[in-house]
Amino acid sequence: MLEITHTIETRKMRDQVLDSMDLERERGITIKMQPVRMEYRFNGEKYILNLIDTPGHIDFSYEVSRALKAVEGSILLIDSTQGVQAQTLTTLAMAREGGQENHKQIIPVLSKIDSPLSRVHEIKEEVVKLLGCNLNEILLVSGRTGEGVENLLQEVIKRIPEPKETHHGDNILRALVFDFKYSNHRGVIVFVRVFDGKVSKGDSLIFAVSGEKFTALEVGTFSPEETPTDSISRGETGYIVTGIKKPGIASVGDTITMFRNALPAFPGYMQPMPVVWASVFPEDADDFAELKLALGKLKLSDSAFSYEEESSGSLGRGFRCGFLGMLHLEIITERLRREFNLRLVITTPSITYEVLLRNGKREKIYSPYFFPDDGNIETVFEPWVQVKIITPVQYVGNIMQLLFDHEAEIGDTENFGDNRGTISVKMPLRELMRNFFDELKSTSSGYGSISYEIGEMREANVTRLDILVADEIVPAFSRVVSKKRAEEEAEKAVEKLEGLLPRQMFTLKIQGKALGRIISSRTLSGMKKDVTQHMYGGDITRKMKLREKQKKGKKKMKERGRVNIPQDVFLKMMRSGEK
Ligand SMILES: Nc1nc2c(ncn2[C@@H]2O[C@H](COP(=O)(O)OP(=O)(O)OP(=O)(O)O)[C@@H](O)[C@H]2O)c(=O)[nH]1
Ligand SMILES: [Mg+2]
C-alpha cells in the first residue's frame, strides 16, 4: 500500500462565527451577500433603502439569482476601465428574468470614473447596445472619491418602485432566504427579505421547504453591522437568529413563514447543483470522525456544498464532496485547513460522468478512481456548458484556435461596442476545466472574459488515466481524460511527477496507464547511499553482511511500496492536472 502524505495542517479550531469573511478580506472578492439598510433624506422625505452587494463570481450564480429575487430593482455596476464582462451578461440575464414577473428596474452605472484608465464614452456605447437604454440613463460613480454616489441614491429612489405586499393579514410572514451563516453560539443566522407581514423576536416559524420549525431568537437589520430590532417587516431585509445547529436545514432560496399560519413557499427554489467533485480522506484513519464533524460544521454555513461517505481501498474511509465550481472548492478546502485541525488527502477535482455499462446498468461517477475500465463501458455521457466569451476583436483568431483545441462548437459571434465582440460556444465541461480560463486570459492579453452555464449531457469519448508509482496506483492522481489525449496527458503527468517526487532509497517506476496498458513510463533512480562508507578498515565480512542487510531492507521497502509522496507534490500535481 502506498503511504500518502498530502497534508493540510491547521491551527486549532477557533470558536468563532464560521464564515468566509477572513477569506473575502484576503482575496478581495465578495463571497457572501453583504446587505445594508440605510436611511436617506431626499426632497424633505425620509426613505429607507435596503441594498444587497452580491458576489460577482460565476460559482455563486444561484445565490445571486435569489438576491435578485429579494429586491425591487438592481444597479448594474460596470467597471469603466474594463467595460462589460462576460459575467455581466449572465447577471443581467438573471436580473431580467426576475423582471418578467414584476418589471424590475435595472439602473446601469459606470464605476471607477476617477481612474485615468476610465473610458466612459466607449463603455457608455457598449451599455446602450447591451441594454437598449438611452445614453442619459447611464449614471457615473466613483467608489474612491464618492463622486456620483448621492445622485445614484436619488436615482434609486426615483426609478425603483417601493415594495408591494402580495398577502395581507395579521400575524403572517413570508420571507425569502438569500444567504445565511453560522455561529457556534447562536446557530444558523438567515439573511432574509420580508415580502409579506413581519417577523418579531419570539415568533414561532418554519422553513417552508426543509420543514424545520424554530423560534426567532433575535431579529435585526444590517446597519451595516447586525443591529437587533423588535421586528422586521414587509419590504425590509434583515436577519433572523434561528438557534438551529443541525446541518442541511437552512438553504438559499427557502421561504420562512409562520408556523401556525403558513403561506406558500416562493417559487424557484433549487437544490444546489454541484459541478465539481473531489474526495477528501483523513490522512490518519483515526481522524475520520473528526473530519465528519468538520464537514458538518461547514455545511451549517454553506448548504451549496455537499458530502457523502465514500470508501476507497487504499485511502480508507472518507467523503466525496461536491462543489459549485473551482473557487468554491478552494474556499471549502481552505476553510478545512484554517478552521479545523485536520490532515487530509484531497483527490484531483473531477466532474460528473454518467456511464452506461455493458451489463445495462447506468451509473453516475463522481470520482475518477471509480471510473470503470473501458471493457465494461457501453457509453459515457458528460455535461456540456454554454459559454459566452467577450474579447477585443483582434484576439478572435487566436481564441478560435484555443476553442478548437478544447473541442468547442462555435455558435454566434457578434460585434458589440467599440472593437469588442462576443462569441457563444458549447464545449464539454471537462474541457472548460482543462485550464481554459487561464489560457483564454493569456491568449487575449488579459482582456477576454468568460461566463458559462451548465447545459445538456452528451456522449463522451473518455477513459480513466491512472498514475502508478512503484507499481501501485495512486488513487488521488487518477483522472478521466479524452481518449485521444490520453497518451499526451499520461506523458505530461509522469514527467511532472518525475520532477517532483523526491528520490527514494530504491529505484522505482512512475507510469501512466490507460486503455488497458502502460502508455508512459519513467524510472526514478534510487539514492546510492553506501552504508559501509563510514567504516574505515574493519574486516570485509562485516561490510558484506551490512550490504546484504541493506539489500534486504530495500527489497522490503519495495515490496511494501512505501513511497513517501509529500503534500506539495500532490498540490502541484493537482494544479498541473489542468495544464
Ligand atoms: N480607482 C477606483 N478603484 C476602485 C473603485 N471602486 C473599486 N475600486 C477598486 O477595484 C477593486 C475591485 O473592487 P471590488 O469592489 O472588490 O469589486 P467587485 O466588483 O465587488 O468584485 P467581486 O466582489 O469579486 O465581484 C478594488 O481594488 C477596489 O479598491 C473606484 O471607483 N475607483
Ligand atoms: Mg464585491
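In this report, we go over the structure that sits alongside the text. Worth saying up front: this structure is predicted, and the values here are computed from it rather than measured.

Attention now goes to the packing of aromatic side chains. In total, this model carries 13 aromatic pairs according to the counting rule given. Taken together, a centroid distance of 5.7 Å and an interplanar angle of 75° make the contact between Tyr307 and Phe319 edge-to-face. One end of the pair, Tyr307, is in strand β18 (residues 306–312); the other, Phe319, is in strand β19 (residues 316–323), with 12 residues separating them in the sequence. For Phe319, a relative accessible area of 1% puts it in the buried group. By way of ring pairs, the aromatic residues Phe288, Phe305, Tyr307, Phe319 and Phe323 are connected into one cluster. Looking at Arg193, its charged tip hangs above the ring of Phe195, at a distance of 4.0 Å from the centre. A cation over a ring is seen here: Arg317 above Phe288, with NZ or CZ 4.0 Å from the ring centre.

In this fold, Asn419 is placed in the loop between β24 (409–416) and β25 (420–428). Once the C-alpha coordinates of Asn419 and Pro392 are considered, the two residues, 27 residues apart in sequence, prove to be 5.8 Å apart. When near neighbours in sequence (up to four residues on either side) are disregarded, Asn419 contacts Thr391, Pro392 and Val393.

So, on to unusual backbone geometry. The residue after Ser223, namely Pro224, is reached through a cis peptide bond having omega -5°. With respect to the secondary-structure elements, Pro224 resides in the loop between β12 (218–222) and β13 (226–229). Even without a glycine there, the phi angle at Asp471 is positive, about 65°. Position of Asp471 among the secondary structure elements: in the loop between β27 (462–469) and β28 (472–473). You will see that Leu515, though not glycine, has its phi angle at about 55°, which is positive. By secondary structure assignment, the location of Leu515 is in the loop between β30 (508–514) and β31 (517–524).

Analysis parameters
- Residues numbered from 1 in each chain as written.
- Chains lettered and ligands numbered in written order.
- Predicted model: local features only at pLDDT ≥ 70, side-chain atom pairs only at ≥ 80, totals over all residues.
- Heavy atoms only, no water.
- Phe/Tyr/Trp six-rings, centres within 6.5 Å; stacked < 30°, edge-to-face > 60°.
- Helix = DSSP H or I, 4+ residues; strand = E, 2+ residues; numbered from the N terminus.
- Buried < 20%, exposed > 50% of the residue type's maximum accessible area, 1.4 Å probe, protein only.
- Lys NZ or Arg CZ within 6 Å of the ring centre and 35° of its normal.
- Contact = heavy atoms within 4.5 Å.

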